[in-house]
Amino acid sequence: GRGVGTEGLDKAAEYIAKAFEKAGVKPGGEAGTFFQTFTVDGPEGTPVTVKNVVGIIPGKNPAYAGQSVVLSAHYDHLGHGWPNVREAFKNQVHPGADDNASGVSVLLEMAHTFAKSAPERTIVLLAPTAEEAGLLGARHYAKAAKNYPADKMFANVNLDTVGRAGKKIMVFSTDSAREWPFIFMGTTATTGIETDLVKQAVNASDHTAFLEVGVPAIHIFGAASADYHRPSDTAEKVELESLMRVAALTKEVVEYLAARPEPMSSQIRPVDPNAAPILPPASENGGRKVTTGSMPDFAFEGVGVKVSQVAPNSAGEKAGLLAGDIITSMGGVSVKDLRGYTNELGKYSPGDIVDVIVDRNGEIVKLTMEMVAR
């Protein structure tokens, strides 16, 4: 899409709706359509009408009436540079092939798969918009869904950036219900697909909207890459083998959830009122101003933030940051995890000089980093 509510997004929504219809999925939006419309603040605060795309595969068991398993994958991206585009890439096309055409591709494959037989519990196929603007589409659906309301949502499985997975497919927020680790033990035994259940609090995708309303939710994720939110996130870098593994994994998980008789045992932690917002709408804060040019290792379970990649010519590379370094302090403030790291970055502006302490194979190294604009 070329920006929230513009022609590109409208065409994408129509395409997804037609794909749902062709697969035999029933419309689950407003007035017999596949669309759920609402208004957001677009570029420069201009109100824009946008659309979630909602498909329904009705459950056959009357004991589960009104209940749903929601399978989601957002279809928006940064277009020509909204929201929160990096300064160096303003007005350039952002294809968003991995983030998140990859997730939508798996969602459409699941539409064809699940529509072939009636599940015990209803499966909702949700393609939200405005994820990049602050999870606005998913948050709207979670609060506005009428036929399958939040208090009857059984679980959410969210697909985001799944086209470049490594040997193990990462899964976030498996601490939201007691059953999740056991479910993924079962999928590995059945399919041979290995997963990495990430313990870091990574709440920057649409599953967060469901956690906020008390629904056990997970985010299936491929791998971090240096192409994140850049014009270089192009189609040829998405790997068919990754999509196939994610599709097989998703099928097993959603089929299990749709048939599970017992409710999930929620372990969702209450939101700390003093904590910084997980991902506020872009219109409220304009996004984080700076970047180090490094990608975190989401699977790292120790104290600090482990670096998996450092982009060429970035602030991190110029300061001497290396893949494998563990960032433990920024500007004299201890960094214990990804949330703390993100909060510290949010304090800086381009041009600020910051002391960064890293653990490099057991050696404490002090770096001096000049922050640059995102």
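This text follows the structure it describes.
Scope of this entry: the structure provided in the associated data block. (Residues numbered from 1 in each chain as written. Predicted model: local features only at pLDDT ≥ 70, side-chain atom pairs only at ≥ 80, totals over all residues. Heavy atoms only, no water.)

### What about the overall build of the chain?
No. 1: Assigned secondary structure in the chain consists of 9 helices and 17 strands.
No. 2: In terms of C-alpha radius of gyration, the chain reaches 20 Å, essentially the compact-globule figure of 21 Å for 374 residues.
No. 3: Dimensions of the chain, computed from C-alpha atoms along their principal axes, come out at roughly 60 × 45 × 40 Å.
No. 4: Out of the 374 residues in the chain, the part that is buried amounts to 51%.
No. 5: Intrachain contacts of the chain at a sequence separation of at least 6 include 76% that bridge at least 24 residues.
No. 6: As presented, the chain carries roughly 16,500 Å² of accessible surface, and 52% of it is formed by carbon and sulfur atoms.
No. 7: For the chain, the distance from the average site of its 36 positive side-chain charges to the average site of its 44 negative ones is 2 Å. (Helix = DSSP H or I, 4+ residues; strand = E, 2+ residues; numbered from the N terminus. Rg over C-alpha atoms; globule rule 2.2 N^0.38 Å. Buried < 20%, exposed > 50% of the residue type's maximum accessible area, 1.4 Å probe, protein only. Contact = heavy atoms within 4.5 Å. Areas by Shrake-Rupley, 256 points an atom, 1.4 Å probe, with all protein chains shown as cover. Lys, Arg positive; Asp, Glu negative; His and termini not counted. Charge placed at Lys NZ, Arg CZ, Asp CG, Glu CD.)

### Structural notes on helix 4 (residues 180-191)
No. 1: If you check helix 4, its first and last C-alpha atoms are 16 Å apart, about what 12 residues at 1.5 Å a residue would give, namely 16 Å.
No. 2: For helix 4, the elements touching its buried residues are strand 6 (153-159), strand 7 (169-172), strand 8 (195-198), strand 9 (217-221) and helix 6 (240-259).
No. 3: Gly192 occupies a position one or two residues after helix 4 and carries a positive phi of about 80 degrees. (Expected span 1.5 Å × (residues − 1).)

### Topic: the pairing of strand 2 (residues 35-41)
No. 1: Strand direction decides the pairing type here: strand 2 and strand 3 (residues 47-57), joined by 7 bridges, are antiparallel. Across the sheet, the residue bridging to Thr37 is Lys51, located in strand 3.
No. 2: The turn joining strand 2 and strand 3, which pair antiparallel and follow one another in sequence, is formed by 5 residues; a positive phi near 60 degrees is taken by Glu44. (Pairing = 2+ DSSP bridges.)

### Brief notes about the environment of Ser72
No. 1: In this structure, Ser72 sits in strand 4 (residues 68-72).
No. 2: Given a relative accessible area of 0%, Ser72 falls into the buried group.
No. 3: Beyond its immediate stretch of four places on either side in the chain, Ser72 contacts Leu126, Pro128, Asn156, Val157, Asn158, Leu159 and Phe210.
No. 4: Engagement of the side chain of Ser72 in a polar contact is seen with the side chain of Asn156, the distance being 3.1 Å.
No. 5: A polar contact is formed between the side chain of Ser72 and the side chain of Asn158, at a distance of 2.8 Å. (Polar contact = N/O pair within 3.5 Å; in protein donor to acceptor, adjacent residues only side chain to side chain.)

### Some details on the nonpolar core
No. 1: If you look at the biggest cluster of nonpolar residues, it comprises 52 residues, and the most contacted ones within it are Phe20, Val53, Trp180 and Leu257.
No. 2: Contacts of Val53, omitting those with residues within four sequence positions, involve Ala13, Ile16, Ala17, Phe20, Phe34, Phe35, Tyr75, Leu125, Leu126 and Ala127.
No. 3: Listed in part, the 28 residues of the second largest apolar core include Val198, Ala224, Ala319 and Tyr348. (Core = buried A, V, L, I, M, F, W, Y, C linked by side-chain atoms within 4.5 Å.)

### Here we look at the packing of helix 4 against helix 6
No. 1: The geometry of helix 4 relative to helix 6 is characterised by a closest axis approach of 10 Å and an angle of 125 degrees between their N-to-C directions. The angle between the axes of helix 4 and helix 6 places the two elements in the oblique class. Where helix 4 crosses over helix 6, the handedness of that crossing is right-handed. Only Leu249, Glu252, Val253, Tyr256 and Leu257 of helix 6 make contact with helix 4, whose side of the interface consists of Trp180, Ile183, Phe184, Thr187, Thr190 and Thr191.
No. 2: A per-class count over the contact of helix 4 with helix 6 returns 7 nonpolar, 3 polar and 1 charged. (Axes fitted to C-alpha atoms, helices over the stretch in contact; angles between N-to-C directions. Parallel < 35°, antiparallel > 145°, perpendicular 65-115°, else oblique. Left-handed = near helix turned anticlockwise from the far one by under 90°. Nonpolar A, V, L, I, M, F, W, Y, C, P; charged D, E, K, R; others polar.)

Purely spatial values, then, with no claim about function.
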